[in-house]
There are 2 protein chains.
Amino acid sequence: MDTLINRLDSRDTDFTARLDRLLSWEGVSDAEVQHRVTDILARVKQEGDAALVEFSNRFDRLNVSSMAELVIGAERLAQAYADLPADQREALAVAAERVRVYHEHQKPESWSFKDEHGSLLGQKVTPLDRAGIYVPGGKAAYPSSVLMNAIPAHVAGVREIIMVVPTPDGVVNELVLAAAHLAGIDRVFTIGGAQAVAALAYGTETVPRVDKIVGPGNIYVATAKRAVFGQVGIDMIAGPSEILVVSDGVTDPDWLAMDLFSQAEHDEDAQAILIGWDDEHLAAVEASIERLAPTMERAEIILTSLRERGALIRVSGPEQALELTNRIAPEHLELSVANPEEWVEGVRHAGAIFMGSHTSEALGDYCAGPNHVLPTSGTARFSSPLGVYDFQKRSSLIQCSPEGASVLGRTASVLARGESLTAHARSAENRILD
Amino acid sequence: MDTLINRLDSRDTDFTARLDRLLSWEGVSDAEVQHRVTDILARVKQEGDAALVEFSNRFDRLNVSSMAELVIGAERLAQAYADLPADQREALAVAAERVRVYHEHQKPESWSFKDEHGSLLGQKVTPLDRAGIYVPGGKAAYPSSVLMNAIPAHVAGVREIIMVVPTPDGVVNELVLAAAHLAGIDRVFTIGGAQAVAALAYGTETVPRVDKIVGPGNIYVATAKRAVFGQVGIDMIAGPSEILVVSDGVTDPDWLAMDLFSQAEHDEDAQAILIGWDDEHLAAVEASIERLAPTMERAEIILTSLRERGALIRVSGPEQALELTNRIAPEHLELSVANPEEWVEGVRHAGAIFMGSHTSEALGDYCAGPNHVLPTSGTARFSSPLGVYDFQKRSSLIQCSPEGASVLGRTASVLARGESLTAHARSAENRILD
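About the thresholds
- Residues numbered from 1 in each chain as written.
- Chains lettered and ligands numbered in written order.
- Predicted model: local features only at pLDDT ≥ 70, side-chain atom pairs only at ≥ 80, totals over all residues.
- Heavy atoms only, no water.
- Helix = DSSP H or I, 4+ residues; strand = E, 2+ residues; numbered from the N terminus.
- Buried < 20%, exposed > 50% of the residue type's maximum accessible area, 1.4 Å probe, protein only.
- Contact = heavy atoms within 4.5 Å.
- Areas by Shrake-Rupley, 256 points an atom, 1.4 Å probe, with all protein chains shown as cover.
- Pairing = 2+ DSSP bridges.
- UniProt positions renumbered as here; feature names shortened; annotations may be inferred.
- Polar contact = N/O pair within 3.5 Å; in protein donor to acceptor, adjacent residues only side chain to side chain.
- Least-squares fit on C-alpha atoms with pLDDT ≥ 70 in both.
- Buried area = accessible area lost by both parts, 1.4 Å probe.
- Salt bridge = Lys/Arg side-chain N within 4 Å of Asp/Glu carboxyl O.
- Phe/Tyr/Trp six-rings, centres within 6.5 Å; stacked < 30°, edge-to-face > 60°.
- Expected span 1.5 Å × (residues − 1).
- Right-handed = clockwise from strand over helix to strand, strands pointing away.
- Axes fitted to C-alpha atoms, helices over the stretch in contact; angles between N-to-C directions.
- Parallel < 35°, antiparallel > 145°, perpendicular 65-115°, else oblique.
- Nonpolar A, V, L, I, M, F, W, Y, C, P; charged D, E, K, R; others polar.
- Left-handed = near helix turned anticlockwise from the far one by under 90°.

Caption draft 1: Representation of the overall build of chain A within the structure. A tally of helices and strands in chain A yields 17 helices and 15 strands. Each of the three principal axes of chain A carries a C-alpha extent, and together these read 85 × 60 × 45 Å. Buried residues in chain A amount to 61% of all 434 residues. Considering only residue pairs separated by 6 or more positions, chain A has 73% of its internal contacts joining residues 24 or more positions apart. For chain A, the exposed area adds up to about 15,800 Å²; of that, 49% sits on carbon and sulfur atoms.

This is how it looks when you write it as structure tokens:
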């Protein structure tokens, strides 16, 4: 029989090497992709709408003659929402409200204080003027992602939220449009790929330039985002989705198998790993996987993902499990253990932590409240979940009293002259009181 | 006479076009630079220390045979600090303490709350494990930048802070080493360029891999940072420094001229702009510039910068000045006006706001407290000053009560089935109580 899922054991001499291979991931942006993206960006920058029409016809197999045909208005979005079956409409509304409430807790406040000289120092928080949300078309078009990307922008106070979503072969996803309506998106353009990123970064006659582009996409989208980074803000460059489950052996193996499947079913590159220290329990989880996998609608994707990138890892105990968790820095961490509060203290790197056996990742993906846009491929070492803070920025505030300017002027003068910046020094010295 | 400084008037028909030309800036990373950087990154990734030694010898004109010669230890840093003249040592210490106190105010707190089902939702804030600070060598080696980059990392709780600084022709900047000591930097490597970025991003036998790279550099450094972005965190890609002064005509024209010089003296690409609506005042500022510029040590750089990129802009009044300010989104904004508090309300985009005629930018550059690493080239539209938040990241926390998981499971199930993700649905349904 083929391997069902990789089995690793921390006692094996080749453990580290095997784990490294399993975890390694590089989004391949080869010279050919780079070249095509550079060309697309330049064309859209120069030709605007005309280039968007041409690229959309070519890449999405459309037959439109102007940008007007690539715009979806507010009524159409409202209609999509109204036409949903009641259970979907209600579920979307419940999810949106919980996501909104959670993100309200994230809002940073402006602050200031006065120093001993009466000078004011502080920081002012302001929202972006305009944000652009990229939503993939085709098989990875998820209405939940529309909510997760747009709601934090709304909570942040962004004035205008633009969405782009490609419609390959003209196919529109009604759930995505409905979610856009619910999330209060102002305008939708049915464009995608590097050309959509270019339109949002530079602006065209029809598409307004935005201040930040968020949302996942294929390798062309990722390459384009990297290229325009700096002229416009971008979120992270996302890799395949992953889950790390730590199990102390108490949770039902069938539940754990299904939790692993819920990650593996995303695509063949998705990664589902479970760590445990109870041999019998690990065997039971493997048996559940074997029994349940064939019953899944997306069995083929799941089995490929588990075989290529999945693993059951046997470690010596809780301490080693925690050490490995911090090394992996997973996007999703399910602590399927009896006392997750105690574990959380020691977790240094993870996008989202699902605590206890009742808290499956799927609940967080849709409606628990926290964002499901999370740092992948170990980037939780330095990145955060998408949040309100991604749609705001800060300005430092400094207001020196005459006395404060005089005192600081002496210090600044010494340091500026040490750097041979004498205009700096004289500018500071001008404020020194006699 | 050559133009001393550009004069723009918002009433002119070509005003917008001239302003756009003046503001436009693109860091040129041509194919040749790209190619060389790609090669350097690959070599360091593969060959580690050996490549660092080779590149440092070649680009910095050194003659070392091993990485051991490119490491500066803690005692050497302490010595540099001890050997400083007393006034410089004191000034650095005062600046460091003020920067530390200001950044303490920036620390975000972890938070959580319980929803109506008793489920816990929150966010946990943790520091990065290790940060790398790039400090340019040669003419742009500023000890103040060492403080501004390292202190927020310390306040954030970063475990280890690494510094890299090239030493072209073997020349070491004692003030930079002294600042590194004061800022509590753990290790210094005298490497620079794309090779230093590669070492920090990938790690070598001697240089540990970091989680985030911050600090300014030339076009090779900027190109390398863009390339490794995603495998490691990076700060912004900085353009030339700029100041926008808004003057209501009350501030001494000599002070304003010197404030403009303090920006222009950085380099020929630096940008100094003053906006006003009082013709006599604008003429007085121009006269001050003309009279004072020849007295400056860096007169040549200042005059080139003012001629090529500087401007005095005449607008119709305060309202238009504010509108223009938001359009420019300056790195440094000096509100040299009588009532700066009222102005601040309307400023949507600026890196740092210097309020009132006593608050010159130079004070903020060195010792007021706020960070001097600020978003340039209009990126204040979406970016913030470097801060404690740049050295921390967040993990979402979700702990569902059995009741909460059951209620959320029903919503998640509907949404997951709407997205054809049935493993997600079944994972959620497993938690529904009978």
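Caption draft 2: Structural view of the sheet that holds strand β9 (residues 233-234) of chain B. Residue and element names in this part refer to chain B. Across the sheet, which stays open at both edges, the six strands sit in the order β2-β7-β6-β5-β8-β9 with mixed pairing between neighbours. Either end of the sheet is taken by a strand with one partner, and the two such strands are β2 (71-72) and β9. Direction of pairing for strand β8 (residues 212-214) relative to β9: parallel, over a ladder of two bridges. Paired with Ile-213 across the bridge in β9 is Ile-234.

Caption draft 3: Broad picture of the UniProt feature "active site" (unreviewed entry) in chain A. All names here are of chain A. Residues given the UniProt feature "active site" (unreviewed entry) here are Glu-331 and His-332. Overall, the relative accessible area of 5% leaves Glu-331 in the buried class. If near-sequence neighbours (up to four positions away) are discounted, Glu-331 is found in contact with Pro-240, Ser-241, Glu-242, Ala-350, Gly-351, Ala-352, His-372, Leu-374, Pro-375 and Thr-376. One polar contact links Glu-331 to Ser-241, side chain to side chain, over a distance of 3.0 Å. With residues near it in sequence (within four places) discarded, His-332 still touches Ser-241, Glu-242, Ile-243, Leu-244, Gln-263, Ala-352, Phe-354, Glu-361, Asp-365 and Leu-374.

Caption draft 4: Just the relation of the copies chain B and chain A, in detail. Under the fitted operation, chain B is carried onto chain A by 0.0 Å of movement along the axis and a turn of 180°, and the coordinates agree to an RMSD of 0.0 Å. Between the two chains, the operation in question is that of a two-fold axis. Among all C-alpha atoms of chain B, that of Arg-226 of chain B lies closest to the rotation axis, at 3.7 Å.

Caption draft 5: Spotlight on helix α7 (residues 174-182) of chain A. Of the positions making up α7 of chain A, those classed as buried are Leu-175, Val-176, Leu-177, Ala-178, Ala-179 and Ala-180 of chain A. A positive backbone phi angle near 70° is found at Gly-184 of chain A, which sits one or two residues after α7 of chain A.

Caption draft 6: A look at the environment of His-154 of chain B. Assignment of secondary structure puts His-154 of chain B in helix α6 (residues 143-156). If near-sequence neighbours (up to four positions away) are discounted, His-154 of chain B is found in contact with Ile-161, Ala-183 and Gly-184 of chain B.

Caption draft 7: Expanded view of the sheet that holds strand β2 (residues 71-72) of chain A. Residues and elements named next belong to chain A. The six strands are arranged β2-β7-β6-β5-β8-β9 in an open sheet whose pairing can be described as mixed. Edge positions in the open sheet fall to β2 and β9 (233-234), since each of these has one partner strand only. Here two bridges tie β2 to strand β7 (residues 187-189), and the two strands are oriented antiparallel to one another. By the bridge assignment, Val-71 is partnered in β7 with Phe-189.

Caption draft 8: Main features of the interface of chain B and chain A. In this complex, chain B contributes 120 residues to the contact, which on the side of chain A involves 120 residues. Both faces considered, chain B and chain A share a buried interface measuring about 10,500 Å² in area, 57% of it formed by carbon and sulfur atoms. Where chain B meets chain A, there are eight salt bridges. When the shortest N-O distance is used, the salt bridge between Arg-98 of chain B and Asp-115 of chain A registers 2.8 Å. Our count for the contact surface shared by chain B and chain A stands at 73 residue pairs in polar contact (both at pLDDT 80 or more). A total of ten residues in the side of chain B that touches chain A trace back to one element, the largest contributor, which is helix α16 (residues 402-418) of chain B. As paired elements, strand β14 (residues 352-355) of chain A and strand β15 (residues 392-399) of chain B share three bridges and run parallel to each other. Across the sheet, residue Ile-353 of chain A finds its bridge partner in β15 of chain B, namely Leu-397 of chain B.

Caption draft 9: Here's a closer look at unusual backbone geometry. Positive phi, close to 60°, is recorded for Ser-420 of chain A, a residue that is not glycine. Within the secondary structure, Ser-420 of chain A sits in the loop between α16 (402-418) and α17 (422-429). Residue Ser-420 of chain A is classed as partly exposed on the basis of its relative accessible area, which comes to 44%. You will see that Ser-377 of chain B, though not glycine, has its phi angle at about 50°, which is positive. Along the chain, Ser-377 of chain B falls in the loop between α15 (361-366) and β15.

Caption draft 10: Summary view of the packing of aromatic side chains. Counted under the stated rule, the structure contains nine aromatic pairs over all chains. Geometrically, the ring pair formed by Trp-111 of chain B and Phe-113 of chain B is stacked, given 6.3 Å between the ring centres and 15° between the ring planes. Overall, Phe-113 of chain B belongs to the buried group, its relative accessible area being 17%. When the centroid spacing of 6.0 Å and the interplanar angle of 10° are considered together, the rings of Trp-277 of chain B and Trp-343 of chain B count as stacked. Pair noted here: Trp-277 of chain B is in the loop between β11 (271-276) and α11 (279-292) and Trp-343 of chain B is in helix α14 (residues 340-346), with a separation of 66 residues, a long-range link. The class for Trp-343 of chain B is buried, based on a relative accessible area of 10%. Grouping aromatic residues by their ring pairs yields a cluster made of Tyr-102 of chain A together with Trp-111 and Phe-113 of chain B.

Caption draft 11: Region of the structure containing the side chain of His-372 of chain A. All names here are of chain A. With respect to the secondary-structure elements, His-372 resides in the loop between α15 (361-366) and β15 (392-399). Since its relative accessible area comes to 15%, His-372 is described here as buried. A distance of 3.1 Å separates polar atoms of two side chains, one belonging to His-372 and the other to Ser-145. Contact partners of His-372, with chain neighbours within four places excluded, come to Ser-144, Ser-145, Met-148, Glu-331, Gly-364 and Asp-365.

Caption draft 12: Quick peek at the UniProt feature "binding site: substrate" (unreviewed entry) in chain A. All names here are of chain A. Mapped onto this numbering, the UniProt entry gives "binding site: substrate" (unreviewed entry) at Ser-241, Gln-263, His-266, His-332, Asp-365, Glu-419 and His-424. A maximum C-alpha distance of 56.1 Å shows the annotated residues, which cover 184 residues in sequence, to be distributed over more than one spot. Position of Ser-241 relative to the elements: it lies in the loop between β9 and β10 (242-247). Given a relative accessible area of 16%, Ser-241 falls into the buried group. In contact with Ser-241, other than residues within four places in its own chain, are Gln-263, His-266, Ala-270, Gln-271, Glu-331 and His-332. Here Gln-263 takes part through its side chain, which lies 2.6 Å from a polar atom of the side chain of Ser-241.

Caption draft 13: Focus on α16 of chain A. In this model α16 of chain A runs 24 Å from its N-terminal to its C-terminal C-alpha over 17 residues, within 8% of the 24 Å that 1.5 Å per residue would give. If you follow the buried residues of α16 of chain A, they end up packed against α17 of chain A together with α5 (86-104) and α15 of chain B. At the exit of α16 of chain A stands Ser-420 of chain A, carrying a positive phi of roughly 60°.

Caption draft 14: Inspection of the pairing of strand β11 (residues 271-276) of chain A at higher detail. All names here are of chain A. The buried count for β11 comes to six of six residues, which makes it a mostly enclosed element. In the sheet, β10 pairs with β11 via five bridges, with the strands oriented parallel. When the sheet's bridge partners are listed, Val-246 is paired in β11 with Ile-275. Of the crossover connections in this fold, the one passing from β10 over helix α10 (residues 253-264) to the parallel β11 is right-handed.

Caption draft 15: Geometry of the packing of helix α2 (residues 31-47) of chain B against helix α3 (residues 49-59) of chain B. Residue and element names in this part refer to chain B. Relative orientation of the contacting elements α2 and α3 amounts to 140°, with a least axis distance of 6 Å. For the element pair α2 / α3, the angle class is oblique. Two secondary-structure elements touch here, α2 through Arg-36, Ile-40, Arg-43, Val-44 and Glu-47 and α3 through Asp-49, Ala-50, Ala-51, Leu-52, Glu-54, Phe-55 and Phe-59. The residue inventory of the contact of α2 with α3, partitioned by class, reads seven nonpolar, no polar and five charged.

Caption draft 16: Main features of the environment of Arg-314 of chain B. Residue and element names in this part refer to chain B. Positionally, Arg-314 belongs in strand β12 (residues 311-314). Each C-alpha atom of the pair Arg-314 and Arg-7 lies 7.8 Å from the other, and the pair is 307 residues apart in sequence. The residues touching Arg-314, leaving out its near neighbours within four places in the chain, are Leu-8, Asp-9, Ser-10, Arg-11, Gly-276, Trp-277, Asp-279 and Leu-282.

Caption draft 17: Summary view of the packing of helix α6 (residues 143-156) of chain A against α7 of chain A. Residues and elements named next belong to chain A. Viewed as axis vectors pointing N to C, α6 and α7 meet at an angle of 25°, and their least axial separation amounts to 8 Å. Classified by the angle between their axes, α6 and α7 sit roughly parallel to one another. In this structure, α6 crosses over α7, and the sense of that crossing is right-handed. Two secondary-structure elements touch here, α6 through Pro-143, Val-146 and Leu-147 and α7 through Leu-175, Val-176, Ala-179, Ala-180 and Leu-182. Residues of the contact of α6 with α7, tallied by class, amount to eight nonpolar, no polar and no charged.

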